[in-house]
Amino acid sequence: MNQPMIGLHNALTAHPAANFAGRLVTFAWRCQRPGAINRAIMQGIRFFDIRVCRHRGLWYAAHGCVRINVDPVCTILNIARRVDNPTIRLILEHGNPDDCRAFISLAQRLQTTCPNVRFIGGNHKPTWKKLISFDHDDIGDTAFQCVGSMDPHPLGRLIGSVCPRLWTSIFRRTDPLHEVISDNPAQLYDFLI
């Protein structure tokens, strides 16, 4: 069996929220520890799930309705510079039709600017409608996500939706960096590093 590609789910949630209300409920939306991307790169991880939204014409990272105070475009450019052939799943977390059009334009520019990056995804999360099909996307929407909000058990899903870190500490008993959890070739995890 080939080694699966392991990556960070909602990789930019390691950064603080862009507004006060989001900072009050960090426990409910944070899926990665601060510094996760740098640690992941140092450990050889090359798969990153990056969710974006637009607010007043600027791009932000996002998780659900929370805007995260980090520029996702700069982060993607940094990953492209530091990592050989990374894979980035790029998702529009939320937005109106103008944001959808801007997302398509952004995705096209990133593909041109970062030819070493394999972009996948291209969906608008509320409906998972495909907004753009990336040139080398052989994974599509099939990535395995080991995250609490997708737990099949209702109690696990409730805990995972309210506090991803608590779900990870209670329910994920294996280390995906050292043990095979799924035979899916692309796997995303909360609090991986």
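Our subject is the structure listed above.
A brief structural summary. Here, residues in each chain are numbered from 1, in the same order as that chain's written sequence. Local features in a predicted model are, by the rule used here, given only for residues with pLDDT of at least 70; side-chain atom pairs are given and counted only at 80 or more, and totals for whole chains, interfaces and linings are based on all residues. Excluding hydrogens and water, the side-chain values take into account all heavy atoms of the structure.

1. Regarding the overall build of the protein chain
What counts, and what does not: In DSSP terms, a helix is any run of H or I states spanning at least four residues, a strand is any run of E spanning at least two, and both are numbered starting from the N terminus. The reference for a compact globule is 2.2 Å times residues^0.38; the radius of gyration itself is calculated from the C-alpha atoms. Burial status follows relative accessibility: with a 1.4 Å probe on protein chains alone, a residue under 20% of its type maximum counts as buried, one over 50% as exposed, and anything between as partly exposed. Pairs of residues are marked as contacts when any of their non-hydrogen atoms sit within 4.5 Å. As used throughout, the charge tally considers Lys and Arg to be positive and Asp and Glu to be negative, leaving His and the chain termini uncounted. Working definition for charges: the position is that of NZ of Lys, CZ of Arg, CG of Asp or CD of Glu.
Check the secondary structure of the protein chain and you find 7 helices and 9 strands. At 16 Å, the protein chain has a C-alpha radius of gyration in line with the 16 Å of a compact globule built from 193 residues. Along the three orthogonal principal directions, the C-alpha set of the protein chain runs to about 45 × 40 × 30 Å. Taking all 193 residues of the protein chain together, the buried fraction comes to 51%. Taking the contacts inside the protein chain whose residues are at least 6 apart along the sequence as the reference set, 66% of them involve residues at least 24 apart. Charge-centre separation for the protein chain: the mean point of 22 positive side chains lies 7 Å from the mean point of 15 negative side chains.

2. A closer look at a nonpolar patch on the surface
For clarity, the cut-off: Patch definition: residues with relative accessible area over 30% and no salt bridge; like charges joined within 9 Å; nonpolar side chains (Val, Leu, Ile, Met, Phe, Trp, Tyr) joined within 5 Å. Accessible surface area values rest on a Shrake-Rupley calculation with a 1.4 Å probe, where residue burial reflects the displayed protein chains alone. Each reported salt bridge corresponds to a side-chain nitrogen of Lys or Arg within 4 Å of a carboxyl oxygen of Asp or Glu.
Together, Phe-20, Leu-24, Val-25, Phe-27, Leu-155, Leu-158 and Val-162 give the surface a local cluster of nonpolar side chains, amounting to about 690 Å² of exposed area. Broken down by secondary-structure element, the contributors of at least two residues to the nonpolar patch are α1 (20-24) and α6 (154-162). Top contributing element to the nonpolar patch by residue count: α6, with 3 residues. Tracing the sequence through the fold places Phe-20 in helix α1. Residue Phe-20 is classed as exposed on the basis of its relative accessible area, which comes to 57%.

3. Looking at the packing of aromatic side chains
Keep this limit in mind: Two aromatic rings from Phe, Tyr or Trp, using only the six-membered ring of Trp, form a pair when their centres are within 6.5 Å; if the ring planes differ by under 30 degrees the pair is stacked, by over 60 it is edge-to-face, and anything between is tilted. Any Lys NZ or Arg CZ found within 6 Å of a ring centre and within 35 degrees of that ring's normal is scored as a charge over the ring.
Using the criterion set out here, one finds 3 aromatic pairs in the structure. A ring pair is formed by Phe-144 and Tyr-189, whose centres lie 6.3 Å apart and whose planes are at 70 degrees; its orientation type is edge-to-face. With Phe-144 in strand β8 (residues 144-146) and Tyr-189 in strand β9 (residues 186-189), this residue pair connects regions lying 45 residues apart in the sequence. Phe-144 gets classed as partly exposed once you look at its relative accessible area, which sits at 27%. Accessibility expressed as a relative area gives 0% for Tyr-189, which makes it buried. Seen from the ring of Tyr-60, Arg-67 lies directly overhead, with NZ or CZ sitting 5.1 Å from the centre.

4. Re the pattern of salt bridges
For the coordinates displayed, the defined rule picks out 8 salt bridges. Measuring nitrogen to oxygen at the nearest pair gives 3.8 Å for the salt bridge that ties Lys-130 to Asp-137. Among the ionic contacts, a cluster of salt bridges with common partners joins Asp-49, Arg-51, Arg-89, Glu-93 and Lys-125.

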